[in-house]
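Residues per chain are reported as follows:
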Amino acid sequence: MAKQRMLQFVNVERDMPEKRPPDLRAHDFNEIYAEYATAKAEEQAGRCSQCGVPYCQSHCPLHNNIPDWLRMTAEGRLQEAYELSQATNTFPEICGRICPQDRLCEGNCVIEQSGHGTVTIGAVEKYITDTAWENGWVKPAAPKHERAESVGIIGAGPGGLAAADMLRRQGVQVTVYDRYDRAGGLLTYGIPGFKLEKDIVMKRVDQLEQGGVTFKMNCNVGEDIAFSELQKTHDAILIATGVYKSRELPAPGVGAQGIVRAIDFLTASNRKSFGDAVPEFDSGELNAEGKRVVVIGGGDTAMDCLRTSIRQGATSVKCLYRRDKANMPGSQREVANAEEEGVEFVWLSAPKGFSGDSVEGVMVSKMRLGAADASGRQSPEIIEGADYVEDADLVIMALGFEPEALPTLWGVPELEVTRWGTVKANFETHATSLPGVYACGDIQRGASLVVWAIRDGREAAEAIMDQINAAAQVAAE
């Protein structure tokens, strides 16, 4: 019934608003949609089989108690469902929107495996938490006892923010340092607003501030403040900087005007949505409007650039990827969304150079998949004599991210890193080679998912609390 009323309302408003039936006049779309959303969430939650082996839960990095909060939702116990969801996930409304559920919980749902279509876990999670915000169930940290110990967190992305929340709830004094003007990291500037509304992120940041977290923005560690100064100021430090250095493509013509980094393109678009002055966007340098766009890469960042270009009014949008569709690293759901929106995927194609002082085209080598490499994936091989040129006015490089050289940037050569440049840290305690210094998220594990950063941040916060409590016990003796 709720679905029928919503469809009736939408069809009437679209085609003949003057003929809206009398029983719809007392309701606006938001009211009808809310009724429909509730019914849909309860319907989907009720499809959960409550199986004895919940693969959805075991394949969630946070091990969320999905079957139980689905059952509560189906029974209309939404506040209990939210509280259970929040117990293991600091930001369920964010994960509900951007997690690749098709690769995690939903992709491993028993009902999905049996061929009957997955329970839409992500949509239910989003609905539960959005309802919690609307009803005032989401509360800032209110520790019973304030503690004198302090923790400095470098990086205001999902890992750092998750740790900040956990530590504040224990009464620890928390200061977050970040180089940008707004907190959130890639949640704020790297993910498009059509996937993650920015007011959702800012609402969480505001809640953390209300709970006593101190934010020092526009603060670049190593330039505005020394790492050694943070060590003197705080009892523990958590490195949660993420990885922002874009991978480069060594190819002829790569420095041409019109070839841009994905992070710059997405940041400009997101800043524009905040109402910021963005000269590079207004000039067209980081704006796809009216252009033939080619995005190089096959991950989720590439999908974000493709779909953003469509929304900006590009005349054509193509994605070059050196393997086939089955071997793309990004979410298949994101690929399907991009295809539905008009993106053309050019599979088994790799750039070998660029033409024009202001880019006019991408020189492309056609590929085929050969023998498997060490990871088990088939390696792409060039098909000789099959090169061609893909016309382009804007080329967006979305080849992934690498860590910055933090020991050099911060003047701490004793901070050990791996051969990939990530901070070397214990994957359980997140402790680094420096006493009292921890690391979490992408700067520890390499470019990964938001949900993994949240898990790492929560684990690191627990380890930091263990250190703080142990030191307090020694001092008391």
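Please read all numbers here as calculations on a predicted model, not as lab measurements.

Enquirer: Provide a residue-level description of empty space enclosed by the protein, including the pertinent values.
Expert: For the coordinates displayed, the defined rule picks out three cavities of 30 Å³ or more. Computed from the structure, the largest cavity encloses a volume of approximately 110 Å³. Around the largest cavity, the lining comprises 15 residues; the ones closest to its centre are Cys60, Asn64, Cys99, Cys105 and Glu125. Broken down by secondary-structure element, the contributors of at least two residues to the lining of the largest cavity are helix H4 (66-74) and helix H8 (121-134). Tallied by class, the residues present in the lining of the largest cavity amount to 11 nonpolar, three polar and one charged. For the second largest cavity, the calculated volume is near 70 Å³. Looking at the second largest cavity, the residues that line it are Cys48, Ser49, Cys51, Pro54, Tyr55, Cys56, Leu70, Cys109, Val110, Ile111, Val119 and Ile121. Of all the secondary-structure elements, those providing two or more residues to the lining of the second largest cavity are helix H3 (55-58) and helix H7 (110-113).

Enquirer: Mind laying out the nonpolar core, listing which residues take part and the relevant values?
Expert: The biggest cluster of nonpolar side chains holds 64 residues, and the ones touching the most others in it are Leu70, Ile153, Leu167 and Phe215. Counting residues per element, this core draws most heavily on helix H19 (residues 450-476), which supplies nine residues. In contact with leucine 167, other than residues within four places in its own chain, are Val151, Ile153, Val172, Val174, Ala461, Ile464 and Met465.

Enquirer: Pulling in residues and values, what's your account of unusual backbone geometry?
Expert: In this structure, glutamine 50 takes a positive phi of about 50° despite not being glycine. Residue position: glutamine 50 is located in the loop between helix H2 (29-46) and H3. The class of glutamine 50 is partly exposed, set by a relative accessible area of 35%. For asparagine 218, which is not a glycine, the phi torsion comes out positive at approximately 55°.

Enquirer: Explain helix H16 (residues 332-340) residue by residue, including any values.
Expert: An α-helix turns once per 3.6 residues; consequently, residues spaced three or four apart project the same way. Among all positions in H16, only Glu334, Val335 and Ala338 are buried. Taken down its axis, H16 places every buried residue within 100° of arc, on the same side. Two or three places before arginine 333, at the opening of H16, serine 331 has a side-chain oxygen 3.2 Å from that residue's backbone nitrogen. Looking one or two residues beyond H16, the residue adopting positive phi is glycine 342, at roughly 110°.

Enquirer: Any chance you could break down the sheet that holds strand E3 (residues 214-216) for me, citing the residues and the numbers?
Expert: Read across the open sheet, the five strands follow the order E3-E2-E1-E4-E16; overall the sheet is parallel. Every interior strand has two partners, whereas the edge strands, E3 and strand E16 (437-439), have only one. Averaged over all pairs of adjacent strands, the angle between strand axes in this sheet comes to 20°, irrespective of strand direction. Contacting strand E1 (150-154), strand E4 (236-239) and E16, H19 crosses the sheet at an angle of about 165° to E4.

So, how was this worked out
One numbering rule holds for all chains: residues counted from 1, following each sequence as written. In keeping with the predicted nature of the model, local features appear solely for residues at pLDDT of at least 70, side-chain atom pairs appear and are counted solely at 80 or more, and the whole-chain, interface and lining totals rest on all residues. Hydrogens and waters are ignored; side-chain quantities use all the structure's heavy atoms. Using protein atoms alone on a 1 Å grid, points that fit a 1.4 Å probe yet trap it form a cavity, whereas open point sets bounded by protein on both sides within 12 Å along at least five of seven lines form a pocket; residues with an atom within 4 Å of a point count as lining. Grid points are joined across faces, edges and corners, and a volume is the space filled by probe spheres set on the points. Strands are runs of DSSP state E lasting at least two residues, helices are runs of H or I lasting at least four, and both sets are numbered from the N terminus onward. Each residue is assigned to one of three groups, with Ala, Val, Leu, Ile, Met, Phe, Trp, Tyr, Cys and Pro labelled nonpolar, Asp, Glu, Lys and Arg labelled charged, and all others, Gly among them, labelled polar. Put simply, a nonpolar core is a bunch of buried Ala, Val, Leu, Ile, Met, Phe, Trp, Tyr and Cys residues held in one set by side-chain atoms that sit within 4.5 Å of each other. For every residue, the accessible area obtained with a 1.4 Å probe (protein chains only) is divided by the maximum for its type, and the residue is called buried under 20%, exposed over 50%, and partly exposed between those limits. Contacts were defined at the residue level, with two residues in contact if any of their heavy atoms lie within 4.5 Å. The directions considered for the arc are those from the helix axis to the C-beta atoms. Polar contact is the term for a pair of N or O atoms within 3.5 Å; when the atoms are in protein, one must be able to donate a hydrogen and the other to accept it, and sequence-neighboring residues count only if both atoms are side-chain atoms. Two strands make a pair as long as DSSP finds a minimum of two bridges between them. Each axis is a line fitted through C-alpha atoms, and for a helix only the stretch in contact is used; angles between axes span 0 to 180 degrees, taken between their N-to-C directions.

Take it as geometry only, folks, not as evidence of what the structure does.
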